[in-house]
Protein chains: 2
Amino acid sequence: MQKNSTILTVGSMAFDSVQTPAGKADKVLGGSVNYFSVAASFFSPVQVLGVVGDDFPKTHLDWLETRKIDVSGVQVVPGKTFHWVGSYDKNLNEAKTLSTALNVFEHFDPKLQNKHKECDFIFLANIDPVLQQSVLNQVHKPRLVACDSMNFWITGKPQELKETLKRVDILSINETEAFLLTGEKNINKAAQIIKGMGPSILVVKRGEYGAMLFGPNGIFLAPAYPVDTVVDPTGAGDSFAGAFMGYLASQNADRELGKKDPKKWDSILRHAVISGCTMASFTVQDFSLHRLMRLEFNEFKKRQEELIQMISVKN
Amino acid sequence: MQKNSTILTVGSMAFDSVQTPAGKADKVLGGSVNYFSVAASFFSPVQVLGVVGDDFPKTHLDWLETRKIDVSGVQVVPGKTFHWVGSYDKNLNEAKTLSTALNVFEHFDPKLQNKHKECDFIFLANIDPVLQQSVLNQVHKPRLVACDSMNFWITGKPQELKETLKRVDILSINETEAFLLTGEKNINKAAQIIKGMGPSILVVKRGEYGAMLFGPNGIFLAPAYPVDTVVDPTGAGDSFAGAFMGYLASQNADRELGKKDPKKWDSILRHAVISGCTMASFTVQDFSLHRLMRLEFNEFKKRQEELIQMISVKN
C-alpha cells in the first residue's frame, strides 16, 4: 500500500491587527492553520479544515491553493471572519490580546470529507479540545497525531484537553503553557508529567530562545536562529509546528518508525525541530505571512545550514 | 620559552546572604573571584587578587589553596568583608539586591607581586574599570585578557569601562548588559558595536537559556544544561567564565592562535563555552560554592558529554 504523507490540519483562520515595536499591521492574514499550512507546504501536501466569514478575500484562498494547500475543507459561512487584535511590547515573547472577535469561528464544527479522513499526519492547532477530538473521531487510521494548545484551554477545559492528550503522539506547546498544564516550574519535571498524560514526544517552544525536544533518545536543545530584526512574533509557533510536521511527513516518520527504530526516529525529530526553528526565524521578520509568502526553499535551506553550523561544537 | 598558562584573576571576595524559591543561605562564601577561580582550577592554575576583612575565615583561604589556587595576592585588612544581600523570585534570571556593604572592598587597590605580573591569561571580574586597568598596567605581556562588567559600571563609569574594553580580547557579559552598553535591543547589532569597542570575541550570557559566542568564525549558540532544580543562580556567570578561561588556558589558546589559526581558535572557543555552560549548571544546583566544592572532574566530563549530545542534530 502506498503511504500517504499528506498532513491534515485544523485550527483558526483569522484577520490579525497587531502592533509591535517595529510598527503595525491592520487586518492582515493570520490564524494558526494559515501559518502552519504555509510552513508545512514547503515539505508535504497539506489539507486544511477551517472556517471563514464571507468577508474573507478569495485571493487568500486562491494563493494558498497555489502552494498546493488543499482548502476545500475551509467552510465559508455568512458573517465575519475571526479577528484578533494584539500587541507586543519590548518583551517580544509575550503577546497582549487587546480584543478577540470570534465571529464565525465561534460555531466552527469541522466536517471531514473522505480525503481528509485518509490523511496519515494530523496536526490539531490551538482550538477547543472538543473540536480536536471531533477531528480525531472522524479520521481513519492516522499514523501520527500532534497537537498544540494554550492557556485558555488549559484553564478553561482541562478535562477535555486531557482527553485529547491521551490520543496524541506529540504535544507542541510553549514553556509557560507546559508549566501551567502541570503545575511544575521546572521543565524537566513538567515534561515527565506531560509524557504521562499521553504524548510520547514533547516539543517545548521558548520564543526567541528556541525549542526543546523531549524525545525518544533524551533531550534535544535547539536555540533559535538569531535574526537582526524581529518585526512581529505572531505565528512563529505555528510556522515552527508546520515545518516540524512537514519535515516528519516528508520523511514518512510516524509512530511505527518510533517503535521499530527509535534512534532513527530521534534523529528525524531533531532535524524536524531545526526545520521548525529555521522556519519560525523567517516568520518573525515581517508581519503576517509576508516573509513566508516570498520565501524560497533555497533560502530556507541556506539558513538551516547556517543554524546547524551555529550549534555545532566542532565547526 | 616555556609557556605559562596560569590565570590571574581580580574581583570581589564576599559573604552572600541570599534567598531563593528553594530556600535561604546566610553569610556564605561568595564573590566573583571565588566562583571564577574554583571553576577555573579544574583546568589550570589560578592566582587570585582580592581583599577580605579580618572576619574572613582562614579556612576558606586554606580550602582554596587545596585546589592549587594561589591566594597569596589576597589582602587581609582590618575591617569587614564585602557583604551582599540579595534574593531571587520566580524569575531566577534576575537577582534583586537588598543591600550591599562594600566594607573593605571599597578601598581595594590591587598590588601585583612579580609572579602575578608574569601571568599570561588574565580575567578581570566585575569590578571598577579603573581597578581593571590598574591590573592591566601592572602585568607584563599577557597573551589573553578577558573581562566582565555590570550595569553599575556601564552607567556609572562608561568612559572608564570603554578604556578597559580597548585593552581586552574577550568580553563576557549578560545579554541585558550588552543591550545597556550599546543602546541596542538586538543582540547581533549589539555584538557588532561591542566588537568595535575593542574585544575581538564576545560571550553573551543568557542565564537559563545558555550563552552566545560571537567568535572568529561566526556565532555559536550554546543552550544551558537543563537541571532538575535550580537552588541558587548566584555565581553562575562567574563560574561559567572560570571554566571558559580555564579551558582556554589549558589549551594555550591565546590571541596569537587567533591570528595564526582562526578555525582552531574558534573550535577551542566553542568548546570553552560548553565547558562554561556545564560548570554553571553545577553551580546553580546548590547555594554558594557548595556544589562546586564537591564536584569531581569525572562528573563534570560526564555532564559535558551529555550536554554535547543534547545539542547534536545528528545523535
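Just above, that's the structure.
Residues numbered from 1 in each chain as written. Chains lettered and ligands numbered in written order. Predicted model: local features only at pLDDT ≥ 70, side-chain atom pairs only at ≥ 80, totals over all residues. Heavy atoms only, no water.

Engineer: I would appreciate a short explanation of the overall build of chain A in the present structure.
Structural biologist: Along its length, chain A carries 13 helices and 13 strands. Taken over C-alpha atoms, the radius of gyration comes to 18 Å for chain A, in line with the 20 Å a tight globule of 315 residues would show. Its C-alpha atoms give chain A principal-axis dimensions of roughly 50 × 45 × 40 Å. Scored against the burial criterion, the 315 residues of chain A give a buried share of 61%. Sequence separation of at least 24 residues holds for 67% of the intrachain contacts in chain A that already meet a minimum separation of 6. (Helix = DSSP H or I, 4+ residues; strand = E, 2+ residues; numbered from the N terminus. Rg over C-alpha atoms; globule rule 2.2 N^0.38 Å. Buried < 20%, exposed > 50% of the residue type's maximum accessible area, 1.4 Å probe, protein only. Contact = heavy atoms within 4.5 Å.)

Engineer: What is the right way to read the environment of B:Leu61 from this model?
Structural biologist: Relative to the helices and strands, B:Leu61 is located in helix α2 (residues 58-66). Discounting residues that sit within four places of it in the chain, B:Leu61 has contacts with B:Met13, B:Phe56, B:Val71, B:Val74 and B:Val76.

Engineer: Can you walk me through the sheet that holds strand β5 (residues 69-77) of chain A in this structure?
Structural biologist: Strand pairs in the sheet, formed through backbone hydrogen bonds, run parallel or antiparallel to each other. Residue and element names in this part refer to chain A. Spatially, nine strands are ordered β5-β4-β1-β8-β9-β10-β11-β12-β13 in an open sheet, and the strand pairing comes out mixed. The open sheet has two edge strands with one neighbour each: β5 and β13 (218-222). When strand polarity is set aside, the average angle formed by the axes of neighbouring strands in this sheet is 15°. Across four bridges, strand β8 (residues 121-124) lies against strand β9 (residues 144-147) in parallel orientation. (Pairing = 2+ DSSP bridges. Axes fitted to C-alpha atoms, helices over the stretch in contact; angles between N-to-C directions.)

Engineer: It is not clear to me how the sheet that holds strand β6 (residues 83-87) of chain B should be interpreted in this structure. Could you clarify?
Structural biologist: All names here are of chain B. Strand order across the open sheet formed by four strands is β3-β2-β6-β7, with mixed pairing between neighbours. Taken across any chain shown, the strands that pair with only one partner, and hence form the sheet edges, are β3 (23-30) and β7 (96-101). Across the sheet, the mean angle from the axis of one strand to that of its neighbour is 15°, orientation sign disregarded. Note that β6 and β7 share five bridges and pair antiparallel. In the strand pairing of β7, Val85 is matched with Ser99.

Engineer: Can you help me understand the state of the cysteines in this one?
Structural biologist: As used in these notes, a disulfide is a covalent bond between sulfur atoms, one from each of two cysteines. Residue and element names in this part refer to chain A. All told, the structure shown has zero disulfides over all chains when counted by the stated rule. No disulfide involves Cys147; its sulfur sits 17 Å from the nearest other cysteine sulfur, which is in Cys119. Take Cys147: its relative accessible area is 0%, and that puts it in the buried class. (Disulfide = S-S within 2.5 Å.)

Engineer: Whenever I open this one, the environment of B:Trp84 confuses me. Can you help?
Structural biologist: All names here are of chain B. With respect to the helices, strands and loops of the structure, Trp84 is situated in strand β6. Of the residues examined, Trp84 reaches a relative accessible area of 13% and is grouped as buried. Each C-alpha atom, one on Trp84 and one on Leu98, is 7.9 Å from the other, the two residues being 14 residues apart in sequence. Those residues in contact with Trp84, other than ones at most four positions away along the chain, are Phe15, Asp16, Ser17, Val18, Ala95, Lys96, Thr97, Ser99, Thr100 and Thr234. Side chain to side chain, Trp84 and Thr97 meet in a polar contact 3.0 Å long. (Polar contact = N/O pair within 3.5 Å; in protein donor to acceptor, adjacent residues only side chain to side chain.)

Engineer: How should I be thinking about the packing of helix α11 (residues 262-283) of chain A against helix α13 (residues 297-310) of chain A in this particular structure?
Structural biologist: The angle between the axes and the distance between the axes are what describe a pair of packed helices. Residues and elements named next belong to chain A. Where α11 meets α13, the closest approach of the two axes is 9 Å, and the angle between their N-to-C directions is 115°. Pair α11 / α13 crosses with right-handed handedness. In this structure, α11 contributes His271, Ile274, Ser275, Cys277, Thr278, Met279, Ser281 and Phe282 to the contact, and α13 contributes Glu299, Phe300, Arg303, Gln304, Leu307 and Ile308. Along the lines of polarity and charge, the residues of the contact of α11 with α13 split into seven nonpolar, five polar and two charged. (Left-handed = near helix turned anticlockwise from the far one by under 90°. Nonpolar A, V, L, I, M, F, W, Y, C, P; charged D, E, K, R; others polar.)

Engineer: In this structure, what is going on with the interface of chain B and chain A? I would like to understand it.
Structural biologist: The figure often quoted for interface size is the accessible area lost as the parts come together. Each side of the interface is counted separately: chain B has 34 residues, and chain A has 34 residues. Together, the buried faces of chain B and chain A total about 2,900 Å²; carbon and sulfur atoms form 50% of this surface. Linking chain B with chain A are 18 residue pairs in polar contact (both at pLDDT 80 or more). Mapped by element, the contributors of at least two residues to the side of chain B that touches chain A are α8 (187-197), β13 (218-222), α11 (262-283) and α13 (297-310) of chain B. With six residues, α11(B) is the largest single contributor of residues to the side of chain B that touches chain A. Across the side of chain B that touches chain A, the residue classes break down as 15 nonpolar, nine polar and 10 charged. (Buried area = accessible area lost by both parts, 1.4 Å probe.)

Engineer: Even after reading the chapter, I still don't get the pattern of salt bridges, so can you show me in this structure?
Structural biologist: Oppositely charged side chains may form a pair once their charged atoms are brought near each other. Taken as a whole and judged by the stated rule, the model has 28 salt bridges over all chains. A salt bridge links A:Lys58 to A:Asp62; the nearest nitrogen and oxygen atoms lie 2.8 Å apart. Of this pair, A:Lys58 and A:Asp62 are both found in helix α2 (residues 58-66), four residues apart, which corresponds to roughly one turn of the helix. Residue class for A:Asp62 comes out partly exposed when judged on its relative accessible area of 33%. With its nearest N and O atoms 3.6 Å apart, the salt bridge here joins B:Lys259 to B:Glu256. A residue pair is termed a helical-turn pair when its members lie 3 or 4 positions apart in one helix, as B:Lys259 and B:Glu256 do in helix α10 (residues 255-260) at three residues. On the basis of relative accessibility, which here comes to 61%, the residue B:Lys259 falls in the exposed class. Judged by relative accessible area, which is 41%, B:Glu256 ranks as partly exposed. (Salt bridge = Lys/Arg side-chain N within 4 Å of Asp/Glu carboxyl O.)

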